[in-house]
Amino acid sequence: MKKIIGQIVFFTLIMTSVSFANTYDLELNVGHSVLEARFNATLPLDEDFLTTGIGVIYNDDDYKIVDVKLALGGEAFLPELTFNLGFKGLLGNMEKGYKDGDLMAVGFLLLGKYAIPEIILPIPVDVSVGFTFAPDPLCFSDSEKYLEFRTSLDFHIIKSGIITLGYRYIKAYFDNNYGQWDMSDGTLFIGYRMLY
């Protein structure tokens, strides 16, 4: 029951924000045995912006994770540097050998992006870094702790398209019928993001 209520709350938050947003992007990334799809929407505020999004990460052998994010962002120190701070809801299943556990958590989300000036590089390139951490009090079901780190280079090849080269690391801790155990995965990926 707790799982269903959490899903409804997150879905409502996302749909409310998405319906008023004016900037959308759709992203698809592939890596060794891993597929990621993501939809984001950005709503401009006075001097900042609100970002919402939903994503799915699928590894055919080890895990399936759906996430929903809600973050407030803005410029920091330089016009080329932006930060987002918010929350990411996570729901999924992870396996390690014969062990498997249900993941359900709400993590703190920190995102940063630096647009390399065109004086340095002839094509626009962004360096992006993201960090999600869900401590034990914000983990439910079988999960006890969740950590995710993601970094990427985003090449703006055309006005409405970005090629992404990146790395993602995920680590989750569980406590269920199999006792205490953890699962981790690091993946290099390449992807394409369409801007609307």
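That block above? That's the structure.
Residues numbered from 1 in each chain as written. Predicted model: local features only at pLDDT ≥ 70, side-chain atom pairs only at ≥ 80, totals over all residues. Heavy atoms only, no water.

Re the overall build of the chain
At step 1: Within the chain, the secondary structure is distributed over one helix and 11 strands.
At step 2: A fraction of 49% describes how many contacts in the chain between residues 6 or more apart in sequence connect residues 24 or more apart.
At step 3: For the chain, the exposed area adds up to about 10,600 Å²; of that, 67% sits on carbon and sulfur atoms. (Helix = DSSP H or I, 4+ residues; strand = E, 2+ residues; numbered from the N terminus. Contact = heavy atoms within 4.5 Å. Areas by Shrake-Rupley, 256 points an atom, 1.4 Å probe, with all protein chains shown as cover.)

Description of the nonpolar core
Side chains of nonpolar character tend, in soluble globular proteins, to be buried together.
At step 1: Y63, I65, M94, L103, Y146 and I170 are the most contacted members of the largest nonpolar core, which totals 16 residues.
At step 2: Breaking this core down by element, the ones donating at least two residues are β4 (63–76), β5 (78–96), β6 (99–116), β10 (161–176) and β11 (179–195).
At step 3: The dominant element in this core, judged by the number of residues it contributes, is β10, at three residues.
At step 4: Among all residues touching Y63, those that are not within four sequence positions of it are V34, I57, Y58, N93, M94, I170, M183, D185 and T187. (Core = buried A, V, L, I, M, F, W, Y, C linked by side-chain atoms within 4.5 Å. Buried < 20%, exposed > 50% of the residue type's maximum accessible area, 1.4 Å probe, protein only.)

Overview of the environment of N177
At step 1: Here N177 lies in the loop between β10 and β11.
At step 2: A relative accessible area of 80% means that N177 is categorised as exposed.
At step 3: Sequence separation of N177 and K99 is 78 residues, and the distance between their C-alpha atoms is 8.8 Å.

Structural notes on the environment of D102
At step 1: Mapped onto the elements of the fold, D102 is located in strand β6.
At step 2: Of note is the side chain of D102, whose polar atom sits 3.1 Å from the side chain of N93. (Polar contact = N/O pair within 3.5 Å; in protein donor to acceptor, adjacent residues only side chain to side chain.)

Concerning a nonpolar patch on the surface
At step 1: Judged by side-chain polarity, F83, L85, F87, F108, L110, V129, F131, F133, F149, Y167 and L188 come together as a nonpolar surface patch covering roughly 990 Å² of accessible area.
At step 2: Listed by contribution, the elements that provide at least two residues to the nonpolar patch are β5, β6 and β7 (125–134).
At step 3: Its location among the elements puts F108 in strand β6.
At step 4: A residue is classified by how much of its surface remains accessible, and F108, at 41% relative accessible area, is partly exposed. (Patch = residues over 30% accessible without salt bridge, like charges linked within 9 Å, V, L, I, M, F, W, Y side chains within 5 Å. Salt bridge = Lys/Arg side-chain N within 4 Å of Asp/Glu carboxyl O.)

Some words on the packing of aromatic side chains
At step 1: Tallied over the full model, the rule gives four aromatic pairs.
At step 2: Ring centres of F87 and F108 lie 5.7 Å apart, and the angle between their planes is 45°; on these two criteria the pair is classed as tilted. Of the two residues, F87 is situated in strand β5 and F108 in strand β6; the sequence distance between them amounts to 21 residues.
At step 3: Ring centres 4.6 Å apart and planes at 20° place the aromatic pair F174 and W181 in the stacked group. An identical accessibility class is assigned to F174 and W181; each is buried. (Phe/Tyr/Trp six-rings, centres within 6.5 Å; stacked < 30°, edge-to-face > 60°.)

Shape descriptors only; they carry no functional weight alone.
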